[in-house]
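# Structural features, examined
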Amino acid sequence: QVQLVESGGGLVQTGGSLRLSCTASGRTSSRYVMGWFRQAPGQEREFVTAITWSSKNTYYGDSVKGRFTISRDNAKNTMYLQMNSLKPEDTAVYYCAARDRPWIDTSVNAYDYWGQGTQVTVSS
């Protein structure tokens, strides 16, 4: 089992920045892809971005390209999401996820482990 814990959410004004962190513990593996998803009230969970173990490959959803940056520090078992130029439509609960495969997938069902989520609210 892998446990994921997110932190760093909060309230920010339009145009502001936040950095989310996700720390993994338990049976971590060098195969794991890690990613971020988000879910706004009344909407389905949406892929945001993901990164391979080596950080060689990343992938972003169209709505966050150029504004968000994913990274990871394997020595600390921690993944980060730097969010810049935030918009009200970025408001959601952000979830960290891990996938027990070495390649990126954007489907919710492709991820094996999930964190509890952290709220991000962008005020207009």
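Presented here is an overview of the structure given in this document.

## Re the overall build of the protein chain
Looking only at helices and strands, the protein chain has zero helices and eleven strands in total. Listed N to C, the secondary structure of the protein chain is β-β-β-β-β-β-β-β-β-β-β in terms of helices and strands. In terms of C-alpha radius of gyration, the protein chain reaches 13 Å, essentially the compact-globule figure of 14 Å for 124 residues. Expressed as lengths along the three principal axes of its C-alpha atoms, the size of the protein chain is roughly 40 × 25 × 25 Å. Classification of the 124 residues of the protein chain by burial places 44% in the buried group. Across the protein chain, contacts joining residues at least 24 apart in sequence account for 59% of those joining residues at least 6 apart. Taken as two groups, the 13 positive and 10 negative side-chain charges of the protein chain have centres that lie 6 Å from each other.

## Focus: the environment of Asn77
Tracing the chain through its elements places Asn77 in the loop between strand E7 (68-73) and strand E8 (78-83). With a relative accessible area of 26%, Asn77 lands in the partly exposed category. For the pair Asn77 and Asp90, spaced 13 residues apart in sequence, the C-alpha to C-alpha distance is 26 Å. What Asn77 contacts, discounting residues up to four positions off in sequence, is Cys22, Thr23, Ala24 and Thr28.

## Some remarks on the nonpolar core
Nonpolar side chains in soluble globular proteins generally cluster together in the buried interior. In terms of nonpolar packing, the biggest core is built from 28 residues, with Leu4, Trp36, Met83 and Tyr94 touching the most fellow members. Among the elements of the structure, strand E1 (2-7), strand E3 (18-26), strand E4 (33-39), strand E5 (46-51), E7, E8, strand E9 (92-99) and strand E11 (118-123) are those that each provide at least two residues to this core. Excluding residues within four positions of it along the chain, Tyr94 makes contact with Glu6, Leu20, Trp36, Phe37, Arg38, Val48, Phe68, Leu81, Met83, Gly117, Thr118 and Val120. Listed in part, the seven residues of the second largest apolar core include Val33, Phe37, Phe47 and Ala50.

## What to know about the pattern of salt bridges
Applying the stated rule across the entire model yields four salt bridges. Of the charged contacts in the structure, one is a salt bridge between Glu46 and Arg38, with a shortest N-O distance of 2.8 Å. Its relative accessible area of 6% is what places Arg38 among the buried residues. Where Arg67 meets Asp90, a salt bridge forms, and the shortest distance between an N and an O atom there is 2.8 Å. On the criterion of sequence distance, the pair formed by Arg67 in the loop between strand E6 (58-60) and E7 and Asp90 in the loop between E8 and E9 is long-range, its members being 23 residues apart. Arg67 sits in the buried class, given a relative accessible area of 11%. Residues joined in a network through salt bridges with shared partners are Arg38, Glu46, Arg67 and Asp90.

## Looking at the side chain of Arg67
Of note is the side chain of Arg67, whose polar atom sits 2.8 Å from the side chain of Asp90. Beyond its immediate chain neighbours, meaning those up to four positions away, Arg67 contacts Gln82, Met83, Asn84, Ser85, Leu86, Lys87 and Asp90.

## Observations regarding unusual backbone geometry
Positive phi outside glycine occurs at Asn77, with the angle close to 50 degrees. The phi dihedral of Ser85 is positive, around 50 degrees, even though this residue is not glycine. Here Ser85 lies in the loop between E8 and E9. The class of Ser85 is partly exposed, set by a relative accessible area of 41%.

Each value, and the rule that gives it
Residues numbered from 1 in each chain as written. Predicted model: local features only at pLDDT ≥ 70, side-chain atom pairs only at ≥ 80, totals over all residues. Heavy atoms only, no water. Helix = DSSP H or I, 4+ residues; strand = E, 2+ residues; numbered from the N terminus. Rg over C-alpha atoms; globule rule 2.2 N^0.38 Å. Buried < 20%, exposed > 50% of the residue type's maximum accessible area, 1.4 Å probe, protein only. Contact = heavy atoms within 4.5 Å. Lys, Arg positive; Asp, Glu negative; His and termini not counted. Charge placed at Lys NZ, Arg CZ, Asp CG, Glu CD. Core = buried A, V, L, I, M, F, W, Y, C linked by side-chain atoms within 4.5 Å. Salt bridge = Lys/Arg side-chain N within 4 Å of Asp/Glu carboxyl O. Polar contact = N/O pair within 3.5 Å; in protein donor to acceptor, adjacent residues only side chain to side chain.

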